[in-house]
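Here's the letter readout for the chains.
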Amino acid sequence: MTVRGGYWPHILRVDLGRKTVTREALPPEEDLRKYLGGIGLGLLYLLREAPRTGKATDPDVPLIFMNGPLTGTPAINSSDVTIVSFHHCTPYSAAVGHTHGFWGAYLKHAGHQGIIFTGRSSSPTYLWIDDDNVAFRDASHIWGEDTRETERRIKVELDDDGNISVACIGRAGEAGVAGAMIKNDRNHGAGKGSLGAAMGAKNLKAIAVRGTGTVPLFDAPGLVETAVEWENLLFPGTTDPSQRTVAEAMQDGGNSRNYFDTFGSHRRVLSKNMTDPEWGADFARKYVEACSRWSVTPQPSYNCKISCAYDVEITDGPMAGFVGSKCGGAEPMEGSSAIIGVDDPSAVVILNDLYDGVGIEMGQFAPMMGAVYEAFNDGLIHKQDTGGLDLTWGNWESAMELINQAVRGEGFGAKLAQGPKAMPEAVGAERGITEELRDKILDMKGGGAVMHDHRAAWSAFFCEMTAGYGASTQGRGTDTFRRPDLGYDEITPGVAENLDEALAKVEPVYRTQIMKLFWDTLGICTFGTMGVAGSVRLTSTSLAQATGWENFDEQEAFTVGERISNLLRLVYARRGFKKSDELDLSPRFLEITRVGAAKENGIAPYLPAMVDEYYRLQGWNVDTGVPTRETLKRLGMEEFLDDAAA
Ligand code: SF4
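Remember, predicted model here, so these are calculated numbers, not experimental data.

Caption draft 1: Representation of the packing of aromatic side chains within the structure. Under the criterion given, the structure shown has 20 aromatic pairs. Ring geometry for Tyr-572 against Phe-577: centres 4.8 Å apart, planes inclined by 45°, an arrangement best described as tilted. The two residues Tyr-572 and Phe-577 agree in class, both being buried. Ring centres 6.0 Å apart and planes at 55° place the aromatic pair Tyr-615 and Trp-620 in the tilted group. Chaining the aromatic ring pairs together yields one cluster made of Tyr-259, Phe-263, Trp-279, Phe-283 and Tyr-287. Between the NZ or CZ atom of Arg-569 and the centre of the ring of Phe-577, over which it lies, the distance is 4.9 Å. Its guanidinium or amino end placed over the ring of Phe-86, Arg-575 lies 3.5 Å from that ring's centre, counting from NZ or CZ.

Caption draft 2: Local environment of the domain arrangement of the protein chain. Each assigned domain of the protein chain is listed with its residue range as follows: domain 1 (10-210), domain 2 (244-440) and domain 3 (458-643). Taking only C-alpha atoms into account, the centre of domain 1 sits 26 Å from that of domain 2. Between domain 1 and domain 2, the residue contacts involve 34 residues of the former and 32 residues of the latter. In this assembly, domain 1 packs against domain 2 so that about 2400 Å² is buried in total across both faces, 50% of it on carbon and sulfur atoms. Taken together, the connections running from domain 1 to domain 2 amount to five salt bridges. Among the salt bridges present, the one from Asp-356 reaches Lys-183, with a minimum N-O distance of 3.8 Å. Remark: the boundary between domain 1 and domain 2 carries 29 residue pairs in polar contact (both at pLDDT 80 or more). Listed by contribution, the elements that provide at least two residues to the side of domain 1 that touches domain 2 are helix 3 (103-109), helix 4 (147-157) and helix 5 (171-175).

Caption draft 3: Examining the layout of surface pockets more closely. Looking at the second largest pocket, its volume works out to about 370 Å³. Considering the residues around the second largest pocket, the lining is formed by 19 residues, among which Phe-102, Glu-151, Lys-155, Asp-185 and Arg-186 are closest to the centre. In terms of domain composition, the lining of the second largest pocket takes at least three residues from each of domain 1 (10-210) and domain 2 (244-440).

Caption draft 4: Structural detail: the sheet that holds strand 13 (residues 295-298). Reading across from one edge, 13-14-15 is the order of the three strands in this open sheet, with antiparallel pairing throughout. Both outer strands of the open sheet, strand 13 and strand 15 (323-326), are each paired with one neighbouring strand and no more. Along the sheet, successive strands turn relative to each other by an average axial angle of 15°, direction set aside. Of the pairings in the sheet, the one linking strand 13 to strand 14 (residues 310-313) comprises four bridges and is antiparallel in character. Bridging across to strand 14, Thr-297 finds its partner in Asp-311.

What counts, and where the lines are drawn
Residues numbered from 1 in each chain as written. Predicted model: local features only at pLDDT ≥ 70, side-chain atom pairs only at ≥ 80, totals over all residues. Heavy atoms only, no water. Phe/Tyr/Trp six-rings, centres within 6.5 Å; stacked < 30°, edge-to-face > 60°. Buried < 20%, exposed > 50% of the residue type's maximum accessible area, 1.4 Å probe, protein only. Lys NZ or Arg CZ within 6 Å of the ring centre and 35° of its normal. Domains from an automatic or database assignment. Contact = heavy atoms within 4.5 Å. Buried area = accessible area lost by both parts, 1.4 Å probe. Salt bridge = Lys/Arg side-chain N within 4 Å of Asp/Glu carboxyl O. Polar contact = N/O pair within 3.5 Å; in protein donor to acceptor, adjacent residues only side chain to side chain. Helix = DSSP H or I, 4+ residues; strand = E, 2+ residues; numbered from the N terminus. 1 Å grid on protein atoms, 1.4 Å probe; cavity = no way out; pocket = protein on both sides within 12 Å on 5 of 7 lines; lining within 4 Å. Points joined across faces, edges and corners; volume = space filled by probe spheres on them. Pairing = 2+ DSSP bridges. Axes fitted to C-alpha atoms, helices over the stretch in contact; angles between N-to-C directions.

And the structure:
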């Protein structure tokens, strides 16, 4: 390899069945420049190696941890590592999870670009990477532990609390629960696609890493200079909340401060399974008020200038003294609590912490909770169905019991662990209420939902349904944030009045998705780019300075993003996606809201035309949603021509 920086020349290939670890050269430089790293290289390996019909939990399906060329470097927020496999619940999709904290940077500092796991260990194991030394360790004694205790015990065992990062699964990953995630560094984790279930199926409890080296760079002083310019633009001192960068909105404690402004006041809180948007405004207000009294300690990731993640200590009431470790976003608050009508802020912190401890990403599990709580409150199911649990809105003790039952595979909770497609039948068949439960569950394509109510923010909604790896956030267009970095200076109304206005929403979604996919290849947290003036130039320049690709420019950055979008679609194409799957959406999403701008308008009538427009912009066949030969040739992706649309 002739790349002069940003990459180590190899990945680790780990066969868990044979207990072997080998170093394997990275793909040639031509491929690196096309797909860069992170999600791009991860998907490239998946498409080249994974059996086409395999399931995420099959031993020969790879579980891929991939850094980007900027991970672990002086570039801003250079903490991102991407984890890729097949989706556990959306059968035709890839699973893609991003996580921050320190794990990816430490792996890079240990001298490794990524790791590909295949096979299945005969007994629980964890991998210990100490720079060049890589060893398997027995994990039988920590199998069954939650994620925080697993991190703690491994650090004690390795006798280093300060320089080791641990990525691990909790009981949910061990049990293969829908939504099982991979957690690291207490406040972080890779959630989308149930990657924790794939890790659990391999009997891999954790990966501990310590790295003491530095990443080779082509132009280190230049990269530092760009980082200084970038940091100044992250926090321009905006006083008007609607004009802020994402970094300004999320700095020092994420949604513990601005949650009411960003979601509550817009009626975007996922309230009581989307039945009561007004209730969510109060939910957000109460949470922010409580955090203003409590002790909030920001927890930055590696080289992070924003620190959206935080620990929060409850300092009053019966739960005083409890400390929750949280990421900075609002999905965990809504997924753990608002969806089931819990608005006591102390209970929100405790429920959120339980989900993180057992290792469940709420977007893929909470839809089942929301549906059964609503069914209980509507009188469709009763205590005799729930094993005696009272699911009245707001009953958080019952929620804790259901979560624990799900990971133990016991009781009523076990019926929720099977995912959004299976749950209505599992719970409702005997009572003849399967269809009623299907109407209540929040689900996109079998993969659950993003934990916000975006029925009155159509760009965000359209982004989530087209994102390419199940329901996920990936470039929200312009309904929720200004994107001057991408040429969109104004926030647009969330709801359209006619077809032309609806179609006008598609292009910003497409362009913001493409740029996010580029940023996701680099190894940076995208909160450091969103809304930042010049962020495409800054990130392209940083890449050129790290690697020595001096003529890498903004146009090439966009082309990389297009390639990644096509890689995601090629996974769909190989695994049986049909165009009708694009609109595999729960009826609840398509209902009009009872308040605000979407009081009378719903997106449903416009969606088919919006999808066609999106396919045209992507260069995909409008009848199948699959990349055309022309598109793949234009992007230099000839190796995948056999998968192209006819
Ligand atoms: S902004 Fe938040 S998610 Fe991103 S790297 Fe910093 S702490 Fe982690």
